[in-house]
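Each chain is listed here by its residues.
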Amino acid sequence: MAAGISRRFGSDKRSYRLPDGRTMIQFTLDQLVNAHSIADILVVTSGTSIIPDLSYPVPILIVENSVSGLGSSLNNLFGYVTREPRYRNAPAIGVYLADMPAIQVSTMTALKAKATASKIVRPTYKGVAGHPVWIGRAFWSEFLSLSGDDGGKQILKQFKSKTEFVEIDDPGVVLDIDTPLEAMAWWESSR
């Protein structure tokens, strides 16, 4: 998910250049490619401005109403995957956020291994729920009525009993980068 408007960041954080020259979206995508097949990745964005930053031939879903918030973008995503033939046999999809580049590759693969059609898989770090969230096919239709900025919080709350929370020793699952200062602090601490 890379469709936000970066209100708190002050500029488009997807195109923010990290000290190694990569943009934040490219760094996050590099992590995803190390954990998943390129064929399994779909970038959800609000426009074409980030396309030059992507060095992989990944499919891109451009959502027009992302300014309404994450709920609207998730609605578009789940509408797309329920209609698109290439996802016909997918038991679950992982929802990753582009502004969470610190998630370890080993975390990504461990969570994917637990995903099934009949459950939601969510990491926790020191008891705090984080991302990515793997959504089983049984729950996809619930996301089709979302709108606004609430994202999927209410759906995740409603299906808490169907959620497997996986305690992970990876602070990246709760590190959401919202300012350039946070981006630099993360970068410095990870080197």
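See above for the structure.
Residues numbered from 1 in each chain as written. Predicted model: local features only at pLDDT ≥ 70, side-chain atom pairs only at ≥ 80, totals over all residues. Heavy atoms only, no water.

Draft legend 1. Quick look at the environment of Ile 168. Residue placement: Ile 168 occurs in the loop between β7 (163–167) and α5 (180–189). Separated by 152 residues in the primary sequence, Ile 168 and Tyr 16 have C-alpha atoms spaced 28 Å apart. Each residue touching Ile 168, except ones within four places of it in the same chain, is listed here: Thr 107, Leu 111, Pro 123, Thr 124 and Tyr 125. (Helix = DSSP H or I, 4+ residues; strand = E, 2+ residues; numbered from the N terminus. Contact = heavy atoms within 4.5 Å.)

Draft legend 2. Fine view of the packing of aromatic side chains. In the structure shown here, the tally under the stated rule is 9 aromatic pairs. An aromatic cluster is present here, built from Phe 27, Trp 186 and Trp 187 joined pairwise through their rings. (Phe/Tyr/Trp six-rings, centres within 6.5 Å; stacked < 30°, edge-to-face > 60°.)

Draft legend 3. Structural view of helix α1 (residues 24–35). Its 12 residues place the ends of α1 17 Å apart at the C-alpha level, agreeing with the 16 Å of an ideal helix rising 1.5 Å per residue. Taking burial as the measure, the 12 residues of α1 include 11 buried ones, the bulk of the element. Among the residues of α1, those classed as buried are Met 24, Ile 25, Gln 26, Phe 27, Thr 28, Leu 29, Asp 30, Gln 31, Leu 32, Val 33 and Ala 35. The inward-facing, buried residues of α1 abut α3 (105–114) and α5. (Expected span 1.5 Å × (residues − 1). Buried < 20%, exposed > 50% of the residue type's maximum accessible area, 1.4 Å probe, protein only.)

Draft legend 4. Here's a closer look at the pattern of salt bridges. Under the definition given, this model contains 8 salt bridges. Notably, a salt bridge pairs Asp 99 with Lys 13, separated by 2.7 Å at the nearest N-O pair. With Asp 99 in the loop between β3 (92–95) and α3 and Lys 13 in the segment before α1, the pair connects residues that are 86 residues apart, well separated along the chain. What makes Asp 99 buried here is its relative accessible area of 14%. A salt bridge links Lys 114 to Glu 164; the shortest N-O distance between them is 3.6 Å. Remark: Glu 164 occurs in strand β7 and Lys 114 occurs in helix α3; sequence separation between them is 50 residues. (Salt bridge = Lys/Arg side-chain N within 4 Å of Asp/Glu carboxyl O.)

Draft legend 5. Summary view of the nonpolar core. Membership of the largest hydrophobic core comes to 51 residues, with the highest contact counts inside it found for Leu 42, Leu 74, Leu 77, Phe 78, Val 81 and Ile 135. Where this core is concerned, the elements lending two or more residues are α1, β1 (43–45), α2 (70–83), β3, α3, β4 (120–125), β6 (133–136) and α4 (153–158). Other than its neighbours up to four places away in sequence, Val 81 contacts Leu 42, Tyr 87, Ile 93 and Trp 140. Membership of the second largest hydrophobic core comes to 10 residues, among which are Leu 18, Met 24, Ala 102 and Ile 177. (Core = buried A, V, L, I, M, F, W, Y, C linked by side-chain atoms within 4.5 Å.)

Draft legend 6. The arrangement of the packing of α1 against α3 in detail. At a minimum axis separation of 9 Å, α1 and α3 run at an interaxial angle of 50°. The angle between the axes of α1 and α3 places the two elements in the oblique class. The interaxial crossing formed by α1 with α3 has right-handed handedness. Judged by residue contacts, Gln 31, Leu 32, Asn 34 and Ala 35 of α1 engage Val 105, Met 108 and Thr 109 from α3. Of the residues that constitute the contact of α1 with α3, the class distribution is 4 nonpolar, 3 polar and no charged. (Axes fitted to C-alpha atoms, helices over the stretch in contact; angles between N-to-C directions. Parallel < 35°, antiparallel > 145°, perpendicular 65-115°, else oblique. Left-handed = near helix turned anticlockwise from the far one by under 90°. Nonpolar A, V, L, I, M, F, W, Y, C, P; charged D, E, K, R; others polar.)

Draft legend 7. Representation of the side chain of Gln 26 in the model. Checked against the element boundaries, Gln 26 lands in helix α1. Overall, the relative accessible area of 6% leaves Gln 26 in the buried class. Every residue in contact with Gln 26, bar those within four places of it in the chain, is listed here: Asp 53, Leu 54, Ser 55 and Tyr 56.

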